[in-house]
Amino acid sequence: MLLRRKNMAANPEDESGHDSRPWVYFMVDCFMLITEFFVLTFQFKTEEVILPHKLPGCTGIPSQCMTESLTVHVQHVNDVPVYQVLREPYDQTRLADCFARAVSQKKNVIVRVSYDKAVPWSDVMNVFNECSRARIQQVGLVPTHDSSESTH
Amino acid sequence: MPLPTVKDTRIEVDMVPYIDIITLLLLFLVFVGDLTQHAASVQMQLPRADQAKKDDEHKEGTLGRIVVQLDKTRTGSYQAVVETQHYELANGANASLNQYLKHLIDTRLADGHFTRGADGTVAFPVKLRIPKDAPMYEVEKVVATCAKAGLVNIHYAAEAPPPPQKTTKQ
């Protein structure tokens, strides 16, 4: 490209079509740089999937507070998640049945998830997943206290 | 007999198809490429959830959505990443993260697309990207921070289950 420019400068009387339009070379250079940038930073669009939920918050209006609240405590025992509902240990399948029963009986169900401090996020995400399956929208977390290992 | 003279022929490269091809390549890269790197800038393994769906399959919109990511540092602790900024987690009491979220919320409210509810909550969603092995005592700090800022509409990022394998009939 540089050589061409030199030649072009040396032969101003050159009659070729491109040399009479030297801006083409700058444009091509810019195009090349832009393309290089896009090629180097290129990444395919990866659409992540999501689970939408709403954090339950009592607004102080009695009618909104009168919903059934279900507390699930998550533990991680021997690399297996254990879900306690009313102090009874459930696995994920039974938990799904429990949510389905609760939804069939009451219209508004709020699930509150408590957990041991070191429980991995994936175990709690299973509860969110089962809530989505049962069409329970409001799911919140019960914060742990630093003084105790578990809230239960 | 005179020798035939060699005619000085110039080879000219036609630039027009070249520019056309480069333009097409550029268009392809722009349309197919993901320029929103900041939305998923932290590489992580997300928890799997079979009920998780793509954004457009949910009825709820994604207008004004804030993306909060949890990033594991070399020391083993976790930091919140909003856009490209890293923030220490301090049980929902991190002033700088709270202020930044408040600034983002105020900006979106000022646009006029959203209003703050009577209970102080805002309707637009926040997407949480949390690694599947993150301990809950770190996760709750992020959720508490969001709740404190009035962000109650949470989109939890998950990994879609693998497509069912086709069984061949014998």
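Residues numbered from 1 in each chain as written. Chains lettered and ligands numbered in written order. Predicted model: local features only at pLDDT ≥ 70, side-chain atom pairs only at ≥ 80, totals over all residues. Heavy atoms only, no water.

1. Focus: the interface of chain A and chain B
Interfaces are frequently sized by the accessible area removed from exposure as the parts join. With 50 residues of chain A at the interface, the matching set in chain B holds 60 residues. Of the roughly 4800 Å² buried where chain A meets chain B, counting both sides, 63% is carbon and sulfur surface. Considering only the side of chain A, the residues that lose the most area to chain B are Glu48, Ile50 and Trp121 of chain A, jointly responsible for 17% of the buried surface there. Seen at the junction of chain A and chain B, the total is 3 salt bridges. (Contact = heavy atoms within 4.5 Å. Buried area = accessible area lost by both parts, 1.4 Å probe. Salt bridge = Lys/Arg side-chain N within 4 Å of Asp/Glu carboxyl O.)

2. Remarks on the packing of helix 2 (residues 95-111) of chain B against helix 3 (residues 136-149) of chain B
Residues and elements named next belong to chain B. Between helix 2 and helix 3, the shortest axis-to-axis distance is 10 Å and the interhelical angle comes to 45 degrees. Between helix 2 and helix 3, the angle falls in the class oblique. Relative to helix 3, the crossing made by helix 2 is right-handed. Residues Leu97, Asn98, Leu101 and Ile105 of helix 2 lie in contact with helix 3, whose contacting residues are Thr145, Lys148 and Ala149. For the contact of helix 2 with helix 3, a count of residues per class yields 4 nonpolar, 2 polar and 1 charged. (Axes fitted to C-alpha atoms, helices over the stretch in contact; angles between N-to-C directions. Helix = DSSP H or I, 4+ residues; strand = E, 2+ residues; numbered from the N terminus. Parallel < 35°, antiparallel > 145°, perpendicular 65-115°, else oblique. Left-handed = near helix turned anticlockwise from the far one by under 90°. Nonpolar A, V, L, I, M, F, W, Y, C, P; charged D, E, K, R; others polar.)

3. Some remarks on the environment of Leu104 of chain B
Relative to the assigned elements, Leu104 of chain B resides in helix 2. Its relative accessible area of 8% is what places Leu104 of chain B among the buried residues. (Buried < 20%, exposed > 50% of the residue type's maximum accessible area, 1.4 Å probe, protein only.)

4. Some words on the packing of aromatic side chains
Taken as a whole, this structure holds 6 aromatic pairs over all chains when the rule is applied. Their ring planes at 50 degrees and their centres at 5.8 Å tell us that Trp121 of chain A and Phe128 of chain A sit as a pair that is tilted. Neither Trp121 of chain A nor Phe128 of chain A differs from the other in exposure class; each is buried. Three or more aromatic residues link up through ring pairs in this structure, and these residues are Trp121 and Phe128 of chain A together with Tyr156 of chain B. Over the aromatic face of Tyr90 of chain A sits the side chain of Arg94 of chain A, whose NZ or CZ is 4.3 Å from the ring centroid. The ring centre of Tyr137 of chain B lies 5.9 Å from the NZ or CZ of Lys117 of chain A, which sits over that ring. (Phe/Tyr/Trp six-rings, centres within 6.5 Å; stacked < 30°, edge-to-face > 60°. Lys NZ or Arg CZ within 6 Å of the ring centre and 35° of its normal.)

5. Some details on the state of the cysteines
Going through the model one piece at a time under the given rule, you end up with 0 disulfides over all chains. Just so you know, Cys146 of chain B is unpaired, no disulfide at all, and the nearest cysteine sulfur is the one on Cys131 of chain A, 18 Å from it. (Disulfide = S-S within 2.5 Å.)

6. Topic: the confidence of the model for chain A
All names here are of chain A. With 70% of its residues at a pLDDT of 70 or more, chain A shows a mean pLDDT of 76. Within the model, the stretch residues 58-64 combines pLDDT values under 50 with 4 contacts to residues more than four positions away or in other chains. Note on residues 147-152: pLDDT under 50 across the span, and 14 contacts to partners over four residues away in sequence or across chains. (pLDDT = per-residue confidence, 0-100.)

7. Quick notes on a nonpolar patch on the surface
On the surface, Val39 and Phe44 of chain A together with Leu25 and Phe28 of chain B cluster together into a nonpolar patch covering about 370 Å² of accessible area. With respect to the helices and strands, Leu25 of chain B occurs in helix 1 (residues 15-32). (Patch = residues over 30% accessible without salt bridge, like charges linked within 9 Å, V, L, I, M, F, W, Y side chains within 5 Å. Areas by Shrake-Rupley, 256 points an atom, 1.4 Å probe, with all protein chains shown as cover.)

8. Regarding unusual backbone geometry
Residues and elements named next belong to chain A. For Leu86, which is not a glycine, the phi torsion comes out positive at approximately 50 degrees. By secondary structure assignment, the location of Leu86 is in the loop between strand 3 (80-85) and strand 4 (88-90). Relative accessible area serves as the criterion here: at 80%, Leu86 is assigned to the exposed category. For Arg135, which is not glycine, the phi dihedral falls at a positive 60 degrees. For Arg135, the position within the fold is in the loop between helix 5 (121-133) and strand 6 (138-141). Of the residues examined, Arg135 reaches a relative accessible area of 75% and is grouped as exposed.

9. Things to note about the pairing of strand 6 of chain A
Residue and element names in this part refer to chain A. The sheet contact formed by strand 5 (residues 109-115) and strand 6 spans 4 bridges and is parallel. Within strand 6, the position partnered with Ile110 by the bridge is Gln138. Since strand 5 and strand 6 lie parallel, the crossover through helix 5 that links them has a hand, and here it is right-handed. (Pairing = 2+ DSSP bridges. Right-handed = clockwise from strand over helix to strand, strands pointing away.)

10. Topic: the pattern of salt bridges
Pairing between side chains becomes possible if they bear opposite charge and their charged atoms approach one another. By the definition in use, this model includes 8 salt bridges over all chains. The salt bridge partner of Asp50 of chain B is Arg133 of chain A, with a shortest N-O separation of 3.0 Å. Pair noted here: Asp50 of chain B is in the loop between helix 1 and strand 1 (66-72) and Arg133 of chain A is in helix 5, and the two residues belong to different chains. Where Asp106 of chain B meets Lys102 of chain B, a salt bridge forms, and the shortest distance between an N and an O atom there is 3.3 Å. Of this pair, Asp106 of chain B and Lys102 of chain B both sit in helix 2, separated by 4 residues, roughly a single helical turn.

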